[in-house]
Amino acid sequence: MEIIFFTIIGLAVGSFLNVVILRIPKNQSISFPASHCPKCKSKLKFYHNIPIISWILLGGKCAYCKEKISLQYPLVEFTTAMIFIITFFKSETLLQAGILSALFSALFALSMIDLKHKAVPDVISFPALFISFFARDFLSSFSDALLFAGGFTLLRMIVSWIIKKEAMGEADIIIAAIIGATLGVNLGLSAIYLGALIAIPAFLIVGKRGFHLPFIPFLTLGLFITWVFDKQILALLDKIYG
Ligand SMILES: [Zn+2]
């Protein structure tokens, strides 16, 4: 029963994230006005707003003016529900599942905003950092967050000095702190390494065309994959350094 409940919450949160991704970068309120078609401005009825299902039933078009509705909406809802389901099965307690689902959802929203707008709003990143302090026991999470923030700041100063221009954003430091808080030192470093590893081919493909690729989505992916496969990754690290 709990998993059905969790999936429904995941879909609802996904629906909310669509609003966040759309409105926060434009500094608009997330509660007002109510959901409406961006083209004809018609207010949506509740049954136009059921995650994934409404999009399919309406054939991906506005119920009033038939304007196409972006595939991004059902995809964000689906991905958020998947984050909730995977986190539910991986977590040891319902409380942990709740905390980490909230954290991963916030990071997913940040990733989408970073991809679309090259911006990382503080109104999302700071609450996410706060939530991450409760990912493990508070003292370990808090001290590892400080350690990773400090390490990343130092790294940023050194790299910026070498390449003679500003390297990495301040937001990357917050995400690094979140990774430290959630995973601890060993797994945290693996997550950043994994994120960089996934980013390299993407940078090589897209970077060539002069497109600036944001780093937050890759750090988030590294964090999530490492959190899900923590035991396998620890065993691998043990084999390498063991
Ligand atoms: Zn419309």
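In the block above lies the structure referred to throughout.
Residues numbered from 1 in each chain as written. Predicted model: local features only at pLDDT ≥ 70, side-chain atom pairs only at ≥ 80, totals over all residues. Heavy atoms only, no water.

Looking only at helices and strands, the protein features 9 helices and 0 strands. Listed by position from the N terminus, the elements making up the protein come as α-α-α-α-α-α-α-α-α. For the C-alpha atoms alone, the extent of the protein along its principal axes is close to 60 × 50 × 30 Å. Buried positions account for 41% of the 242 residues belonging to the protein. Across the protein, contacts joining residues at least 24 apart in sequence account for 66% of those joining residues at least 6 apart. Counting every atom, the protein has about 13900 Å² of accessible surface; 71% of that belongs to carbon and sulfur. Considering the protein, the positive charge centre built from 20 side chains and the negative charge centre built from 13 side chains are found 16 Å apart. (Helix = DSSP H or I, 4+ residues; strand = E, 2+ residues; numbered from the N terminus. Buried < 20%, exposed > 50% of the residue type's maximum accessible area, 1.4 Å probe, protein only. Contact = heavy atoms within 4.5 Å. Areas by Shrake-Rupley, 256 points an atom, 1.4 Å probe, with all protein chains shown as cover. Lys, Arg positive; Asp, Glu negative; His and termini not counted. Charge placed at Lys NZ, Arg CZ, Asp CG, Glu CD.)

What follows concerns the side chain of Asp172. Along the chain, the position of Asp172 falls in helix H7 (residues 170-207). The side chain of Asp172 is buried and forms no salt bridge, while Arg156, the nearest opposite charge, is found at 6.9 Å. Apart from residues no more than four positions distant in its own chain, Asp172 is found in contact with Phe152, Phe215, Ile216 and Leu219. (Salt bridge = Lys/Arg side-chain N within 4 Å of Asp/Glu carboxyl O.)

Our focus in this paragraph is the environment of Ile113. Tracing the chain through its elements places Ile113 in helix H4 (residues 94-117). As for Ile113 and Ile173, which are separated by 60 residues in sequence, their C-alpha atoms are 17 Å apart. Ignoring anything within four residues of it in the chain, the contact list for Ile113 reads Val20, Ile21, Ile24, Pro25, Lys118, Ala119, Pro121 and Ile124.

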